[in-house]
Amino acid sequence: MSDEQPPEGSAPAARRWPEPPLELETIRRFGPHRVDARSARLTAARADERLVKTHCCFCGQQCGVQLVVSGETVVGVEPWYEFPFNQGMMCPKGVKRYLQQSHPDRLLRALERDPGSPGGFRELGYERAIQRVAGEIRRLQERHGPECIGMLSGASLTNEKAYLMGKFARLALRTPYIDYNGRLCMVSAGSGNKKAFGVDRAANPWSDLLGAEVVLVSGANVAECAPITTNYIWQAREHGARVIVVDPRLTPLARTCDLFLPVRPGRDTALFAGMLHLMIEHDWLDHEFIERHTVGFEAAAAEVREWTPRRTAEVTGIAERSIVRAAELWGRAKTSFLLHARGLEHHSHGVKNVLSAINLVLASGRIGRASCGYGTITGQANGQGGREHGQKCDQLPGGRDISDPEHRAHVAAVWGVPVEAIPGPGVDAYELIRRIDRGEIKGLLSLCFNPLVSLPDSGFVRQALQKLEFFVAIDFFLSETARLAHVVLPGSLQEEDEGTITQVEGRVIRVRKAVSCPGEAREDWRIVQDLARALDRAAGFSFTHPREIFEELRRASKGGVCDYSGITWEQVERELGVFWPCPAEVPPGARRPAANGTPRLFEPGSWNPIARGAGPFFFPDGKARFHATPHTGPAEDTDDAYPILLTTGRVVSHFLSGNQTRRIGPLIDHFPEPRLEIHPRLAERLGVADADWVTVESRRGSCTLQAWVVRTIRPDTVFVAYHWGGRRSINQVTNSAQDPISKIPEYKACAVRLRRAEGPPEHAQRLEPQQ
C-alpha cells in the first residue's frame, strides 16, 4: 500500500485479510497487483507522443478522452474538450484508466490449467490453444448435442463485438444459450421502456436537463456512478430546477438536493403510486396528452386509488409531508426530467418499479419536447448498444425478437443462412448457470464477464462452474472466474481495437485504436473468428476489420426498432456521434433524421417503423402505455431471524467486479476494501464501533467486513459495495431471486443479520443488541 494518505472523502483505511490458501499462488502470479504512475505528468503530450481521441472504457456515459501514446504504450490521458457530452470533464476512473494498458498482470499468452505449474496454469501457444478449445467443443457437441455449450458475453464490448458474439453463438456454436452481463444491469429498464414506450432508449439527450424545472433522480448515486451526469443536474439547479432524490442512502447528490426521500429498499412502486394518487387528487395531470397519446390510464388510476399519503408513508418509511411535497413539485412543474438507475431496477419487481416511474412521466405529459424527458442511466460502457444487437438470449440484431418469424427471416437473409439454422430463444445468464449446475450445459465460453464476483449467491455460482467439463474464458486480466477455466485466451483492451459504442443518451460514438495488442493477445473479434474456422464453421466469419462488421450490423438492423442503417463511420466522426434510430430510408413525407440522428424521441410528427405515422410512440397505434403496478415488496423481507435489510452498489473509484480497477494504485488508495455502512443508531443497538469487524450473514452465505458508521443511511438498512471477490465479495450474501420479466437479480434488498468478528472471517460471533 502507498504511504500517502488517501484523498479526502475516501473510505477509512481498512486492514486486509488473506485469501483462501489455494488461491494465493494464483494471485501471486496473476494478481490483482497494484500499479502506479511512474512519475507525475505536469505538462501536456511531448513531441514524441501522440494524442488519440477516444472514450473511457468504464461506464455508459462514455466520456470523450485523449489518450497520450508513446510508441505502443499509453502513458497518460488528456481532456477532450470538444466532445459534447463531458466537454473535457473526467471522473477518477477516467483519469487513471490508462494505467491498465501496460499493467504487469496483463495476459500476454494463452493459458492452460495445470495444477503443477506456478499459479495453476501453464502457457500455451495461441494456435494450439484455439485448436484445444475447438476440439473440446466438438467432443462435447458430438456426445451431447449442440445445446450442451453455453456462452456468456459482456456489455462493455463494442457494438461490432456484441453483434458478432450473437452471430457466433447461433451459427458457429449452434446453441441458443447465449446471454450477457447486461442481464445484471439494464434489463429491467429496457423491459419497462419497451412495455411503456415500445422502444428501449433514453428519451432525451442530457442537454434537455438544463431547462427542466424539476429533476427527479431515483435509485441513482450519480455523483459516484455517473459523475458527469451530476454536472448536468447541478447546471439544471443553477438554472432554477428543484432536485428530488429517492434513495435509502444520503448520497452526495442527495446532500445538495431540494427534497430527499429516504425510501426503504424495495418500496419504490409504493412511493410512485402515492405520488400519482396525489397528482390525480389535485388534478396535476395533462388530460390532453393522456387522451391523445396514451392508453391504460384508467387501470393505473384505479390501482393507486388506495395509496393515500398515510399508507404510502407507512410502507416506504418516508414522511407524509415529503411525499406530498414531491407530488406537488412534480405535478405542478411545466418542464421536468426523471432519471433512474439500478437502485430502482435491481429488484424482483424491477420492471414494475420502472413502469410506476414512467406512469408519473406520462401523467404529466412531459415527454417528447425540449426540457421534458426521461432517461435510464446506463451502467456499463456499452450497456445501451450491447443490449440491441443480438447477444441477449431472446434477441436478434436491431432489437428484433428471436421468436418472431419476420424478424428471423430478415436476419437469416443478411447472414445468408436458412431460417431454421438460427436457434430459438435461450435463457438468461443466471438460468444458464442453473443449467450448468444441473448438468444440462457441459461447456462454457465466457468473454469479459466475471460471474463469480458479479452474480448473487456466489457460492452456488462457484459450485456450478466447477461442474463444467470444459470452460474457456477470453479476457485481458485473469479474473476470479477465469481462475476456474481450463483454457484462457488473451483478449483486448478497449484502446487496442476499433469500433462503435452507444452511450447513455443513445448516441453512437467511435472508439479508436491507440496501441496494438501485446504479446499473443488478440482482438476479441479475431479470437471468435479463429474459433469458428477451427470448428470448420467459418462461413460468415471472415471479417478483416470492425468496420466490415459494422456494415453488416447496419443491414441487419435495418427496419428494426434499433435502426442503425443510416449511420456511417464518417457521419459518426463528423457529428461526434449519431443518435439512433437513424434509418437509411423513410417513407415519402416522413421526417428524415437530422445529421446527428434522433437526439429526442417521441416528438410530435416523428416517424418510427412500428407506428408508421400513427403517433410518436413505438406501438401500432402510436400511443404510450400506462401500466397498473400493484406493489410487492422484496422477495426476501426481514423477519426475527434476519432483521436488517442489505442493499449493495458501487463507489466512485471502482467499477463492477473490480477486475480492472482493483489493479490501479490511485483507485485502490481511494477505496482499498469493502466496508459495511451502518447507521449510528443501529450500530449502538448492536454494540458496533467504527472499524469493528462484523459478519453480514444471510440464508445463503456470509461476508466479514469492517464497519463504517455513517449517518448517511437508513437505520434499518446496511450497505456494502460489490467490487471485490473471494472472501470480500458481498455477493456471497445476496439473493438470486429474479424479476419474472427482465430476469434481473435482486441485488438491492435481502434480509441479513450481523455477527461480531474479532478479525478475519474465522472469528465470528453472534451480535445481540445491547440493552
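Residues numbered from 1 in each chain as written. Predicted model: local features only at pLDDT ≥ 70, side-chain atom pairs only at ≥ 80, totals over all residues. Heavy atoms only, no water.

## Points about the environment of phenylalanine 297
- Along the chain, phenylalanine 297 falls in helix H10 (residues 297–303).
- The class of phenylalanine 297 is buried, set by a relative accessible area of 15%.
- Sequence separation between phenylalanine 297 and lysine 167 is 130 residues, and the spatial gap between their C-alpha atoms is 40 Å.
- Phenylalanine 297 has contacts with Ile280, Leu285, Ile290 and Phe626, leaving out every residue within four places of it along the chain. (Helix = DSSP H or I, 4+ residues; strand = E, 2+ residues; numbered from the N terminus. Buried < 20%, exposed > 50% of the residue type's maximum accessible area, 1.4 Å probe, protein only. Contact = heavy atoms within 4.5 Å.)

## Side note on the sheet that holds strand E12 (residues 336–340)
- What the five strands build is an open sheet, ordered E10-E9-E8-E12-E13; its pairing is parallel. Strands with a single pairing partner mark the edges of an open sheet, and in this sheet they are strand E10 (259–261) and strand E13 (372–376). Strand-to-strand twist of the sheet, defined as the mean angle between neighbouring strand axes without regard to direction, takes the value 10°.
- Of the strand pairs in this sheet, strand E9 (residues 242–246) and E10 are connected by three bridges, and their pairing is parallel. Its bridge partner lying in E10, valine 246 is registered against leucine 261.
- Running over the sheet, helix H8 (residues 268–281) touches strand E8 (214–218), E9 and E10 and is turned about 155° from E8. (Pairing = 2+ DSSP bridges. Axes fitted to C-alpha atoms, helices over the stretch in contact; angles between N-to-C directions.)

## Side note on the packing of helix H4 (residues 159–172) against helix H20 (residues 546–557)
- Where H4 meets H20, the closest approach of the two axes is 9 Å, and the angle between their N-to-C directions is 70°. It follows that H4 is roughly perpendicular to H20 by the angle criterion. Pair H4 / H20 crosses with left-handed handedness. Taken together, the residues of H20 that come into contact with H4 (itself represented by Asn159, Glu160, Tyr163, Leu164 and Lys167) are Pro546, Ile549, Phe550, Glu552, Leu553 and Ala556.
- When grouped by side-chain class, the residues that make up the contact of H4 with H20 number seven nonpolar, one polar and three charged. (Parallel < 35°, antiparallel > 145°, perpendicular 65-115°, else oblique. Left-handed = near helix turned anticlockwise from the far one by under 90°. Nonpolar A, V, L, I, M, F, W, Y, C, P; charged D, E, K, R; others polar.)

## A look at unusual backbone geometry
- Note the cis peptide between glycine 31 and proline 32, where omega equals 20°.
- Relative to the elements of secondary structure, proline 32 occurs in the loop between helix H1 (21–30) and strand E1 (50–55).
- A cis amide bond links tryptophan 580 with the next residue in sequence, proline 581, at an omega value of 0°.
- Positive phi outside glycine occurs at lysine 743, with the angle close to 65°.

## A closer look at the domain arrangement of the protein
- Under the domain assignment, the protein is made up of domain 1 (11–21 + 636–766), domain 2 (36–100), domain 3 (110–184 + 383–543) and domain 4 (187–376).
- Distance between the C-alpha centres of domain 2 and domain 4: 35 Å.
- Interface area, domain 2 with domain 4, both sides summed: about 640 Å², of which 64% is carbon and sulfur.
- Contact with domain 4 buries surface across domain 2, with Gln61, Phe85 and Met89 losing the most and accounting together for 66% of the total.
- Along the contact surface separating domain 2 from domain 4 lie zero salt bridges.
- Inspection of the domain 2/domain 4 interface yields three residue pairs in polar contact (both at pLDDT 80 or more). (Domains from an automatic or database assignment. Buried area = accessible area lost by both parts, 1.4 Å probe. Salt bridge = Lys/Arg side-chain N within 4 Å of Asp/Glu carboxyl O. Polar contact = N/O pair within 3.5 Å; in protein donor to acceptor, adjacent residues only side chain to side chain.)

## Points about the confidence of the model for the protein
- Of all residues in the protein, 95% attain a pLDDT of 70 or more, and the chain-wide mean is 94.
- Between residues 1–19, whose pLDDT stays under 50, and residues either more than four places distant or in other chains, the model counts 43 contacts.
- Every residue in residues 763–771 is under pLDDT 50, and counting partners more than four places away or in other chains gives 27 contacts. (pLDDT = per-residue confidence, 0-100.)

## Some details on the sheet that holds strand E3 (residues 73–79)
- Across the sheet, which stays open at both edges, the three strands sit in the order E1-E2-E3 with antiparallel pairing between neighbours. Bordering the open sheet on either side are E1 and E3, each of which pairs with just one other strand. Averaged over all neighbouring strand pairs, the angle between strand axes comes to 35°, with direction disregarded.
- By the bridge criterion, six bridges tie strand E2 (residues 64–70) to E3 in an arrangement that is antiparallel. The partner of valine 65 across the bridge, within E3, is proline 79.

## Some details on the nonpolar core
- Core analysis: the largest hydrophobic core is formed by 114 residues, its most contacted members being Phe168, Phe197 and Leu489.
- With nine residues, helix H14 (residues 350–364) is the largest single contributor of residues to this core.
- Each of two domains, domain 3 (110–184 + 383–543) and domain 4 (187–376), supplies a minimum of three residues to this core.
- Look past the residues within four positions of phenylalanine 168 in its chain and what remains in contact with it is Met151, Leu173, Leu445, Val528, Leu531, Ala532 and Phe541. (Core = buried A, V, L, I, M, F, W, Y, C linked by side-chain atoms within 4.5 Å.)

## What to know about the packing of aromatic side chains
- Taken as a whole and judged by the stated rule, the model has 20 aromatic pairs.
- Consider the rings of phenylalanine 85 and tyrosine 232, whose centres lie 5.4 Å apart with planes at 35°: the pair is tilted. Within this pair, whereas phenylalanine 85 is found in the loop between E3 and helix H2 (92–96), its partner tyrosine 232 is found in helix H7 (residues 227–238), the two being separated by 147 residues in sequence.
- Geometrically, the ring pair formed by phenylalanine 602 and phenylalanine 618 is edge-to-face, given 6.4 Å between the ring centres and 80° between the ring planes. Of this pair, phenylalanine 602 sits in the loop between strand E21 (578–579) and strand E22 (624–625) while phenylalanine 618 sits in the loop between E21 and E22; the two residues are 16 residues apart in sequence, bridging distant segments of the chain.
- Among the aromatic residues, ring-to-ring pairing joins Phe197, Phe289, Tyr374, Phe602, Phe617 and Phe618 into one connected group.
- Lying over the aromatic face of phenylalanine 541, lysine 167 brings its terminal NZ or CZ to 5.4 Å of the ring centre. (Phe/Tyr/Trp six-rings, centres within 6.5 Å; stacked < 30°, edge-to-face > 60°. Lys NZ or Arg CZ within 6 Å of the ring centre and 35° of its normal.)

## Digging into the state of the cysteines
- Per the stated rule, a full pass over the model turns up zero disulfides.
- The thiol of cysteine 59 is not disulfide-bonded; the next cysteine sulfur, from cysteine 63, is found 6.0 Å away. (Disulfide = S-S within 2.5 Å.)

## Examining the pairing of strand E24 (residues 675–678)
- Burial of the side chains of E24 extends over both faces: Arg675 and Glu677 are buried on one face and Leu676 and Ile678 on the other.
- Where E24 lies against strand E26 (residues 702–709), four bridges are found, and the strand directions are parallel. Note on E26: the bridge partner recorded for arginine 675 is glutamine 706.

## As for H4
- Given a rise of 1.5 Å per residue, 14 residues ought to cover 20 Å, and the 19 Å separating the end C-alpha atoms of H4 matches this to within 8%.
- Within H4, 14 of the 14 residues are buried, leaving the element largely enclosed by the surrounding structure.
- Arginine 174 sits one or two residues past H4 and shows a positive phi near 60°. (Expected span 1.5 Å × (residues − 1).)

## Let's talk about the packing of helix H11 (residues 309–316) against helix H12 (residues 320–332)
- Two numbers describe how H11 lies on H12: the axes approach to 9 Å, and their chain directions differ by 115°. The angle between H11 and H12 falls in the class roughly perpendicular. Handedness of the H11/H12 crossing: right-handed. Here Pro309, Arg310, Thr312, Ala313 and Thr316 of H11 come into contact with H12, specifically with Glu320, Ile323 and Val324.
- Of the residues contributing to the contact of H11 with H12, the split by class is four nonpolar, two polar and two charged.

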